[in-house]
Amino acid sequence: MKYICIHGHFYQPPRENPWLESIQLQDSAYPYHDWNQRITAECYAPNVVSRLLDPQGRIVQLVNNYAKMSFNFGPTLLTWLEVNAPEVYQAIIRADKESMMRFSGHGSALAQVYNHLIMPLANRRDKHTQVLWGIRDFEHRFGRKPEGMWLPETAVDLETLEALAQLGIRFTILAPHQAQRVRPLESGQWQDVSEERVDPTMPYILLLPSGKSIAIFFYNASISRAIAFQGLLSSGEAFAQRLLGAFSETPSRPQLVHIATDGETYGHHHRFGDMALTYASHYIQSRGLAHFTNYGEYLEKHPPTHQVEIVENTSWSCSHGIERWRSDCGCHMGTNPHWNQAWRAPLREALNWLRDALIPQYEAKGGILLKDPWVARDDYVSVLLHRSPDNMEEFFNQHARRSLAEEEKVIALKLLELQRHSMLMFASCGWFFDDISGLEATQIMHYAGRAVQLAQEVFGDEMESRFLQLLERAPSNIKDFRNGRHIFERFIKPAMIDLPRVGAHYAINSLFQNYPQHARVYCYSAERRDYRQLQIGAMKLATGQVRITSQITREGAELSFGILHFGDHNFSGGVQRYRGKDSYGTMVQEVTDFFMAADIPEVIRLLARHFRGVTYSIKSLFRDEQRRILNQVMDSTLTEADDSFRLLYKHHYPLMRFINDLGAPIPKALRSAAEFILNTDLRQALSTIALNPERVRSLVHEAEAWKVELDTQGLSYLFRQNLEGLMASFASQPDDLSQLQNLVEAVMLASTMPFEVYLWRVQNIYYEMLPTTYLDYRRRADEGDELAQGWVALFTSLGEQLSISVP
């Protein structure tokens, strides 16, 4: 029997703000460029609804690849998908349930250690917690116990495998070079299989020192490399033939050909790779050339007949073992060949020091409040999965030494969060890339910064100075960034948030949106006690009192604030702990009186005096809110710029036309005016529901005539959003023939644009209408309904434009 299993390991770590428990925006001009939407569209969504094409390139079937492949998603990634891409998240959960029906009750989803740290470099206690948290998170999401667990970067040692086996994990997947020697279970004769000589078509059993055992699958390295790095996904049929070619022509036993790559390979690293996977599986199954399976099913049907010993402290992505995550071993991305990674070891040493320095203090302080601080840490994942007040109380009922006061619960939660961030800061990506100033390395330093902040709040120790001394030894390849200490002080320290800064965000933002009395500000709640807003001309004054409470640690503070907005990007004001009714009332009365008298200098002076010189500005806002408010305050400025450029463009249009007809270069000032106006008008034209194709074509033609640079990414994003909205609206009201006609024209227009318009979701909605709405209209058309006949003709035309085969 021939079996095939395709495994995808999905790991794109969120750019998380540890103080807000949210994703940080990257610098971008359009939402499509922000990490959330881009990474979902490229990495995870393609496999949810992949396409099977006919020989003419038309879509004949939409396929959820996740239901056919083995896969693992990290818990933090699934948490992110659940919030940012719920459709994708639900499709992943459904895929596991479908695979259970397909594969004899064995789900295809594998668990993963909690936050993708390199397990051999973790201490024993962290290994246990990481495996346990990964299992608990998996059970919470998939509703079953995991059979297998993916090890980050397949980094392995025996202690890690002991942790897996102890907690009931039956198997894991490794690279073939991680096998040392094998022998049949019956004969006992060992055979050296190092350097990728292990037979990957069978599972093996590894007997552990404790007496427990775990099954190991070694994936086919040559095919996996061809998929990841050699362009095998450029042809679905070639992919299928390569898989089939890995079987022995004279098999004496069942064989499993299985591969393992980054799941993002199918769509992100290799565009349309998901379609190659879809076609390859269809090609093999439709011809009966092999059976698709998953690891759990294969292990049940064909248990190991051979024992294996592994090469410890190895991984799939470092030829030097696990040195990529602790030394300058020579492994790097290749984009900066003259750089070194001398920063890796000092960064690892700094984080190891921080983790180890926190352990005795955690045990001492935690032991006062918790029965067993380490057992409590293991069970803290139940709180992470559901942070409701009732769930937190249940946690304390189980783990507190006694009934704790609210202040003591805050300390206990801070201790547990400190431990969580002490593990998060070891995420593997922090060492994988070329420089300590990269996004990934600074991300883990953010986690470390949160651990340091919590330690100083709970223990009162000055840990930061020693930590910074160690970071200073980690040199950056970029002169401007100097070293780890400079990077920490430049990027991590300014990002740190306390309750007054959350209050400042609330106060400034209140000038631009109406908060309800009980509001949510990321992972904080804001309860308004008092609020007053005044306006004279373009200037606004807001004063108020609010209680800010962390939903993570339950720490809260009563704050008062006074914020003056000058009407542009300038703000002045302060936030402080509430100092009583009299002090607050005096502040409000004084600043209000002078504001209404338009004595702005005195208002500024009073705010500085009442808030003791601690001032906040728009920089105090959290990153995404900064963008939104800046866009609002710049509206008038942009309107003025638009008027000026438009006047310049119209006034000099004949001259520009004359110069262009002569073949002479248009002066830069005039070309800039044309570029601004044409891009602005195209944005408006492509965003409007009443899309005018002729207007759009005319603007594009003008842009081509003047040879101006179009904002292709931004325009593509706006047009895609508009088309998706039009398609969704039509799906909800399919009787509207005029809307259907507009859709046909809009999709035709998209195909003529000088930029690509991503029609993935439009195609999905259309395809979903085929077995329901389309069949109903087709039946009525066949019965002679002329309106239905017209509808079917237009709908079929739309399908042709979307490259979908209509039955």
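Conventions and cut-offs
- Residues numbered from 1 in each chain as written.
- Predicted model: local features only at pLDDT ≥ 70, side-chain atom pairs only at ≥ 80, totals over all residues.
- Heavy atoms only, no water.
- Axes fitted to C-alpha atoms, helices over the stretch in contact; angles between N-to-C directions.
- Helix = DSSP H or I, 4+ residues; strand = E, 2+ residues; numbered from the N terminus.
- Parallel < 35°, antiparallel > 145°, perpendicular 65-115°, else oblique.
- Left-handed = near helix turned anticlockwise from the far one by under 90°.
- Contact = heavy atoms within 4.5 Å.
- Core = buried A, V, L, I, M, F, W, Y, C linked by side-chain atoms within 4.5 Å.
- Buried < 20%, exposed > 50% of the residue type's maximum accessible area, 1.4 Å probe, protein only.
- Disulfide = S-S within 2.5 Å.
- Pairing = 2+ DSSP bridges.
- Polar contact = N/O pair within 3.5 Å; in protein donor to acceptor, adjacent residues only side chain to side chain.
- Salt bridge = Lys/Arg side-chain N within 4 Å of Asp/Glu carboxyl O.
- pLDDT = per-residue confidence, 0-100.

### A look at the packing of helix α23 (residues 635-651) against helix α25 (residues 668-687)
Turning to step 1, where the next piece is worked out: Running from N to C, α23 and α25 point in directions that differ by 120°, and their axes come no closer than 9 Å. As far as their axial angle goes, α25 and α23 are oblique. Seen along the crossing, α23 lies across α25 with a hand that is left-handed. Contacts between α23 and α25 involve Ala-641, Asp-642, Phe-645, Arg-646, Leu-648 and Tyr-649 from the first element and Ala-669, Leu-670, Ser-672, Ala-673, Ala-674, Phe-676, Ile-677, Leu-678, Thr-680 and Asp-681 from the second.

### Topic: the nonpolar core
Turning to step 1, where the next piece is worked out: Of all hydrophobic cores here, the largest spans 234 residues; its most connected members are Leu-81 and Phe-239.
Turning to step 2, where the next piece is worked out: The element that contributes the greatest number of residues to this core is helix α16 (residues 439-459), accounting for 11 residues.
Turning to step 3, where the next piece is worked out: Discounting residues that sit within four places of it in the chain, Phe-239 has contacts with Ile-6, Ile-227, Leu-232, Leu-233, Ile-259, Tyr-266, Ala-276, Leu-277 and Ala-280.
Turning to step 4, where the next piece is worked out: Membership of the second largest hydrophobic core comes to 16 residues, among which are Leu-110, Phe-217, Tyr-219 and Leu-299.

### Points about the side chain of Ser-315
Turning to step 1, where the next piece is worked out: Of note, Ser-315 is situated in the loop between β16 (306-310) and α10 (344-369).
Turning to step 2, where the next piece is worked out: Relative accessible area serves as the criterion here: at 0%, Ser-315 is assigned to the buried category.

### Remarks on the state of the cysteines
Turning to step 1, where the next piece is worked out: Following the criterion strictly, the structure yields 0 disulfides and no others.
Turning to step 2, where the next piece is worked out: The thiol sulfur of Cys-329 is not disulfide-bonded, and the nearest other cysteine sulfur, from Cys-331, lies at 3.8 Å.
Turning to step 3, where the next piece is worked out: A relative accessible area of 17% means that Cys-329 is categorised as buried.

### Some details on the pairing of strand β21 (residues 571-577)
Turning to step 1, where the next piece is worked out: A large share of β21 lies buried, amounting to 6 of its 7 residues.
Turning to step 2, where the next piece is worked out: Inspection of the sheet shows strand β20 (residues 556-565) paired to β21 by 7 bridges, in the antiparallel sense. The partner of Ser-560 across the bridge, within β21, is Gln-576.

### Some words on the environment of Tyr-515
Turning to step 1, where the next piece is worked out: Inspection of the secondary structure assignment puts Tyr-515 in the loop between α19 (499-509) and β17 (518-521).
Turning to step 2, where the next piece is worked out: Placed 12 residues apart in sequence, Tyr-515 and Glu-527 show a C-alpha to C-alpha distance of 9.6 Å.
Turning to step 3, where the next piece is worked out: With near-sequence residues (within four places) excluded, Tyr-515 lies in contact with His-505, Tyr-506, Asn-509, Ser-510, Val-521 and Arg-528.
Turning to step 4, where the next piece is worked out: At a separation of 2.9 Å, a polar atom in the side chain of Tyr-515 contacts the side chain of Asn-509.

### Remarks on the pattern of salt bridges
Between side chains of opposite charge, a pair can form when the charged atoms approach closely.
Turning to step 1, where the next piece is worked out: Scanning the entire structure with this criterion turns up 51 salt bridges.
Turning to step 2, where the next piece is worked out: Between Arg-326 and Glu-323 there is a salt bridge, with its nearest N and O atoms 2.9 Å apart.
Turning to step 3, where the next piece is worked out: Residue classification places Arg-326 among the partly exposed positions, given a relative accessible area of 35%.
Turning to step 4, where the next piece is worked out: With relative accessibility at 21%, the residue Glu-323 sits in the partly exposed group.
Turning to step 5, where the next piece is worked out: Look at the salt bridges and you will find they share partners, linking Glu-87, Arg-720, Glu-724 and Arg-761 into a network.

### Some thoughts on the confidence of the model for the protein
Turning to step 1, where the next piece is worked out: Within the protein, residue pLDDT values average 93, and 97% of them lie at 70 or more.
Turning to step 2, where the next piece is worked out: Here residues 25-35 is a poorly scored stretch, pLDDT under 50, and it has 32 contacts once near neighbours within four places are set aside; other chains count.

### Description of the sheet that holds strand β13 (residues 213-218)
Turning to step 1, where the next piece is worked out: The 6 strands lie next to each other as β9-β13-β12-β16-β10-β11, forming an open sheet whose pairing is mixed. In this open sheet, the two strands that pair with only one neighbour each are β9 (171-174) and β11 (191-192).
Turning to step 2, where the next piece is worked out: Here strand β12 (residues 204-207) pairs with β16 via 2 bridges, running parallel. Residue pairing for β16: Ile-205 is matched across the bridge by Gln-307.

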